[in-house]
Amino acid sequence: MGGPSELHSKVLSSGLCTGCGACTSICPYLNAVEGRAVILEFCGKEEGRCYTFCPRTEVDLQYLRERIFETGEGDPSLGFYSSVLKARAGREGIRKRAQYGGTVSSLLLYALKKGKVDSIILTGSPDGIYPEPRIAKTEEEVLSCTGSRYLLSPSVGEVVRLLRKGEGGRIAFVGTPCQVLALRKLQVYEREWEVSRIKLVIGLFCTWALSHKAGEFLMAKLRGRKVRKFDIPPPPANLFVAETENGRIEFPLEEIRSFIPPSCRICFDMTAELADLSVGMVEGEEGWNTVILRSAGGIEFFEEARREGEVETAPLEGERLEHLKEASLTKRKRSAEEREKLGASYLRGG
């Protein structure tokens, strides 16, 4: 355990902040500046939630698995899971508005319709570039957040705020692997807030995100054109694509890679392995998502939505599953190399 001094020395001063918002929403001595946490003044405490919940301080992965899945075991590439399959929204209208298959939106709308959750923490954007955590309680509010956001978002902070104020009722959360990790640490280690109100955690596949410095770069590329969505086509395209109201803009992926923060380079987790279920694209096949079913609650919820016709499913081809595992293992290997290089030994049991 540690406090703000350790948070500063081990995380913030090394550029390892993920910008998840867990610490900045807790403490008045911390603030978010350009998507990263900064300490305004040291409070003097030797231990604090700011350190405990941070996804880049000590992570005992086996212990977290035991608390979430009731087993410390996990596949070396994808973590603990029950099955992997393809899925898409049952409603065509949702698929048309979604980045890929619309599975996440469809599941969230089903959870709202059936009264399983009251509030959903999502990431939207007022301009299509800079992220904005949002609380969705209606269908339109959920669908307004479709599409991938590439810049770091302080979405965990919204969950913290709701828990501290006793608001939001039953909560669902959708986030990237580092955000899910922070949320699970909060659920496991918090002793005062009513963390049992977090009912559903959907993780999104993530290879890396971008610092907020990428915002100006993207705005310059768009030259005033309003973006509909960003995307990274599968290899060998090696492109970053912006679909705008005035046509498509694309440029080499390498131009954007310089904005990947160090916190992403040490990340071991591509598929959000502590989520109830994880969702990503199906590489090389438009209109479908890859879904990893993990927790008992997540499996039960997903199967119920499938029986109700809210999502359609199909087997994931063996070749695609192997490719997914290979990509995830590659990220783990690169993470280990980068952690050793930086001396950032935050992970145990990975």
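None of the values given here were measured: they were computed from a predicted structure. Sequence order as written defines the numbering, with residues in each chain counted from 1. Local features are withheld for residues below a pLDDT of 70 in this predicted model, meaning they are given only at 70 or higher, and side-chain atom pairs are given and counted only at 80 or more; totals for whole chains, interfaces and linings count all residues. As a convention, hydrogens and water are excluded, and side-chain values are obtained from all of the structure's heavy atoms.

1. Observations regarding unusual backbone geometry
And step 1. With an omega dihedral of 10°, the bond running from Pro235 to Pro236 counts as a cis peptide bond.
And step 2. By the secondary structure assignment, Pro236 is in the loop between β9 (227-231) and β10 (239-244).
And step 3. The backbone phi angle of Arg223 is positive, close to 50°, even though this residue is not glycine.
And step 4. According to the relative accessible area criterion, Arg223 is exposed, its value standing at 66%. Working definition: helices are DSSP H or I runs of at least four residues, strands are E runs of at least two. Numbering for both runs from the N terminus. For every residue, the accessible area (1.4 Å probe, protein chains only) is compared with the maximum for its type, and the residue is labelled buried under 20%, exposed over 50%, or partly exposed between those bounds.

2. Concerning the nonpolar core
General note: in soluble globular proteins, nonpolar side chains tend to be found buried as a group.
And step 1. Side-chain atoms within 4.5 Å are what join buried Ala, Val, Leu, Ile, Met, Phe, Trp, Tyr and Cys residues into a set we call a nonpolar core. Core analysis: the biggest nonpolar cluster contains 48 residues, and Leu7, Leu12, Leu30, Val156, Leu163, Trp193 and Leu274 have the highest contact counts within it.
And step 2. Taken together, the elements giving at least two residues each to this core come down to β2 (36-39), α2 (49-52), α3 (61-69), α7 (156-165), β7 (171-175), α8 (177-189) and β8 (198-204).
And step 3. No other element matches the 6 residues that α8 contributes to this core.
And step 4. For Leu163, the contacting residues outside a window of four places in its chain are Ile171, Leu186, Trp193, Glu194, Val195, Arg197 and Ile198.
And step 5. By size, the runner-up hydrophobic cluster in this structure holds 30 residues, among which are Ala87, Val104, Leu143 and Val291. Residue contacts follow a heavy-atom distance rule, with two residues in contact if any of their heavy atoms lie within 4.5 Å.

3. Digging into the side chain of His212
And step 1. Examined against the element boundaries, His212 turns out to sit in the loop between β8 and α9 (213-222).
And step 2. Of the residues examined, His212 reaches a relative accessible area of 17% and is grouped as buried.
And step 3. The residues contacting His212, other than those within four sequence positions of it, are Glu34, Gly35, Tyr130, Pro131, Leu151 and Leu152.

4. Overview of the pairing of strand β12 (residues 277-281)
And step 1. Counted residue by residue, β12 has 4 buried out of 5 residues, so it is predominantly covered.
And step 2. By the convention used here, strands pair only if DSSP detects at least 2 bridges between them. Looking at chain direction, β8 and β12 are connected through 3 bridges and run parallel. Along β12, the bridge assignment pairs Ile202 with Leu277.

5. Describing α9
In an α-helix, one turn spans 3.6 residues, which is why side chains three or four residues apart end up on the same side.
And step 1. When α9 is considered as a whole, its buried residues turn out to be Ala214, Gly215, Phe217, Leu218 and Leu222. Summarising the axial view, the buried residues of α9 lie within an arc of 165°, below the 170-degree limit, and thus occupy one face. Seen from the open side of α9, the exposed residues pointing more than 90 degrees away from its buried face are Lys213, Glu216 and Ala220.
And step 2. Packed against the buried residues of α9 are β9, β10, β11 (247-252) and α10 (254-257).
And step 3. Looking one or two residues past α9, Arg223 carries a phi angle of roughly 50°, positive in sign. Each direction from the helix axis to a C-beta atom contributes to the arc, which is the arc of those directions.

6. Section: the pattern of salt bridges
And step 1. Any carboxyl oxygen of Asp or Glu that lies within 4 Å of a side-chain nitrogen of Lys or Arg is treated as forming a salt bridge with it. Summed over all chains, the structure comprises 28 salt bridges.
And step 2. Across the pair Lys325 and Asp75 runs a salt bridge, and its minimum N-O distance is 4.0 Å. Remark: Asp75 occurs in the loop between α3 and β4 (83-89) and Lys325 occurs in helix α13 (residues 318-342); sequence separation between them is 250 residues.
And step 3. Across the salt bridge formed by Asp118 and Arg170, the nearest N and O atoms sit 3.1 Å from each other. Here Asp118 is found in the loop between α5 (103-113) and β5 (119-124), whereas its partner Arg170 is found in the loop between α7 and β7, with 52 residues between them in sequence.
And step 4. For Arg170, a relative accessible area of 32% puts it in the partly exposed group.
And step 5. The structure contains a network of salt bridges with shared partners spanning Lys86, Glu285, Glu317 and Arg320.

Any functional reading would require information that these geometric values do not contain.
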